[in-house]
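Fold and contact review
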Amino acid sequence: MKLATWNVNSLKVRLPQVLDWLARQQPAVLCLQETKLEDHAFPLAEIAAAGYRAVWHGQKTYNGVAILCRDEAVDVSRAIPNFDDPQARLIAATVDGVRVVCGYFPNGQAVASDKYEYKLRWLAALRTYLVTEMSHHDRLALLGDFNIAPEDRDVYDPVAWRDQILCSPKERAAFADLLGLGFKDAFRLFEQAERSFSWWDYRMMAFRRNHGLRIDHILLSPDLASACRTCSIDREPRRLERPSDHAPVVAELC
DNA sequence: ATGGCTTGAGTGTCAAGA
């Protein structure tokens, strides 16, 4: 069973790339972030024609998340319970006995900004929610754009990024806190090339220079982690014309 | 140098991303 996550930066623009990628990779589950579509505009017909079902949670202009899956998605929940959030950043569903939580974590803009405070509150609410989810689901996966580079090795220039947004100690502590619940970072279960990243700025030829960050992650509960056989970042879509600035991350479970 | 691209909004040019 293949689980994947991809921040597509507009599903409207990237739909042909998503359909191509589904046909090639055939994942059981693909979590999407930054769909940037209102719910009525979600392209269900095209996705269904590709052999996938979908559940989604969107809004105008910004944010928006979706879970595409081969089999039925049940027990769908949209947004973090008990957290008043006007932004469409989370959707969860159970697929093939796996509880899938798809999140588009806040960016935070700058340390000490209002958006940073919102990011920290969002992370605290997510943690509370995941404690509950873990108590109900042994097979639990959290996938998405975390907007956190967990360690210096996840950053192309750790000195320049020290204490900056996506790398600040409080953000990294929140990530470590999720690992403290028992989650494993699927990517780090395996030997990986140095300087492996999942996002590269559109500007300054950042992709060609591999000036990136690893901010898209797949976290697995202990049961799923022991079933995980590979985890990799697929840089191919980043090479296409009009790419998303993020690459898909894929984990294979047995 | 707070820029550099890209998207969505909307038809000017800005907000937001990371």
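Check the entry above for the structure.
First things first, this report covers the structure right here in the doc. (Residues numbered from 1 in each chain as written. Chains lettered and ligands numbered in written order. Predicted model: local features only at pLDDT ≥ 70, side-chain atom pairs only at ≥ 80, totals over all residues. Heavy atoms only, no water.)

1. Looking at the overall build of chain A
Assigned secondary structure in chain A consists of six helices and 14 strands. Whereas a compact globule of 254 residues would reach a radius of gyration of roughly 18 Å, chain A reaches 17 Å, a difference of no more than 12%. By residue count, 56% of the 254 residues in chain A fall in the buried class. Long-range contacts, defined here as pairs at least 24 residues apart, represent 69% of the contacts in chain A between residues at least 6 apart. For chain A, the accessible surface area stands at approximately 11400 Å², while carbon and sulfur atoms represent 49% of it. (Helix = DSSP H or I, 4+ residues; strand = E, 2+ residues; numbered from the N terminus. Rg over C-alpha atoms; globule rule 2.2 N^0.38 Å. Buried < 20%, exposed > 50% of the residue type's maximum accessible area, 1.4 Å probe, protein only. Contact = heavy atoms within 4.5 Å. Areas by Shrake-Rupley, 256 points an atom, 1.4 Å probe, with all protein chains shown as cover.)

2. Focus on the side chain of Arg 14
Along the chain, Arg 14 turns up in helix 1 (residues 11–25). Among the polar contacts listed, one links the side chain of Arg 14 to the backbone oxygen of Val 8, at a separation of 2.8 Å. Side-chain polar atoms of Arg 14 contact the backbone oxygen of Pro 243, separated by 3.4 Å. (Polar contact = N/O pair within 3.5 Å; in protein donor to acceptor, adjacent residues only side chain to side chain.)

3. What to know about the protein's contact with DNA strand B
In the region of DNA strand B, 24 residues are neighbours, and Ser 10, Glu 34, Asn 107, Arg 203 and Met 204 sit closest. Among the atoms of DNA strand B lying within 4 Å of the protein, the sugar-phosphate backbone contributes 70%. With respect to DNA strand B, the side chain of Arg 14 contributes an N or O atom lying 2.9 Å from a phosphate oxygen. One of the side-chain N or O atoms of His 246 is found 3.3 Å from a phosphate oxygen in DNA strand B. A per-class count over the surface near DNA strand B returns nine nonpolar, seven polar and eight charged. (Near = heavy atom within 4 Å. Nonpolar A, V, L, I, M, F, W, Y, C, P; charged D, E, K, R; others polar.)

4. Some details on helix 1
Under the 1.5 Å per step criterion, the end-to-end length of helix 1 is only 18 Å for 15 residues, more than 12% shorter than the ideal 21 Å. Most pronounced at Gln 17, the bend in helix 1 amounts to some 35 degrees. Among the residues of helix 1, Leu 11, Arg 14, Leu 15, Gln 17, Val 18, Trp 21, Leu 22 and Gln 25 are the ones counted as buried. Residue Gln 26 follows helix 1 closely and has a positive phi angle near 50 degrees. (Expected span 1.5 Å × (residues − 1). Bend = angle between axes of the 7 residues up to and from the residue.)

5. Overview of the packing of helix 3 (residues 114–136) against helix 5 (residues 169–180)
Where helix 3 contacts helix 5, the axes come no closer than 11 Å and their chain directions differ by 5 degrees. Comparing their axes, helix 5 and helix 3 come out roughly parallel. The residues of helix 5 that touch helix 3, namely those facing Tyr 116, Lys 119, Leu 120, Leu 123, Arg 127 and Leu 130, are Lys 170, Glu 171, Ala 174, Asp 177 and Leu 178. (Axes fitted to C-alpha atoms, helices over the stretch in contact; angles between N-to-C directions. Parallel < 35°, antiparallel > 145°, perpendicular 65-115°, else oblique.)

6. Digging into the sheet that holds strand 7 (residues 98–104)
Strand order in the open sheet made by the six strands is 5-6-7-8-12-9, with mixed pairing throughout. Unpaired on one side and paired on the other, strand 5 (73–78) and strand 9 (184–185) mark the two borders of the sheet. Relative to strand 8 (residues 140–145), strand 7 runs parallel, the two being bridged by six bridges. Across the sheet, Val 101 pairs through a bridge with Leu 142, a residue of strand 8. (Pairing = 2+ DSSP bridges.)

7. Some thoughts on the packing of aromatic side chains
How two aromatic rings sit relative to each other is set out by the distance from centre to centre and by the angle between their planes. This model, assessed by the stated rule, comprises seven aromatic pairs. Seen from their ring centres, Phe 42 and Trp 56 are 4.2 Å apart, and the 5 degrees between their planes marks the pair as stacked. Separated by 14 residues along the polypeptide, Phe 42 in the loop between strand 2 (29–33) and helix 2 (44–49) and Trp 56 in strand 3 (residues 53–57) bring together distant segments of the chain. Phe 42 gets classed as buried once you look at its relative accessible area, which sits at 9%. Among the aromatic side chains, those forming a connected cluster through ring pairs are Phe 105, Trp 122, Phe 146 and Phe 175. (Phe/Tyr/Trp six-rings, centres within 6.5 Å; stacked < 30°, edge-to-face > 60°.)

8. Structural notes on the nonpolar core
By size, the foremost hydrophobic cluster in this structure holds 35 residues, and its most contacted members are Val 29, Ile 67 and Leu 220. Here the element with the most residues in this core is strand 7; it accounts for four residues. Setting aside chain neighbours within four positions, we find Val 29 in contact with Met 1, Lys 2, Leu 3, Ala 4, Ile 67, Leu 68, Cys 69, Val 95 and Val 100. The next biggest cluster of nonpolar side chains, apart from the first, holds 34 residues, and it includes Phe 146, Trp 161, Phe 175 and Leu 219. (Core = buried A, V, L, I, M, F, W, Y, C linked by side-chain atoms within 4.5 Å.)

Take it as geometry only, folks, not as evidence of what the structure does.
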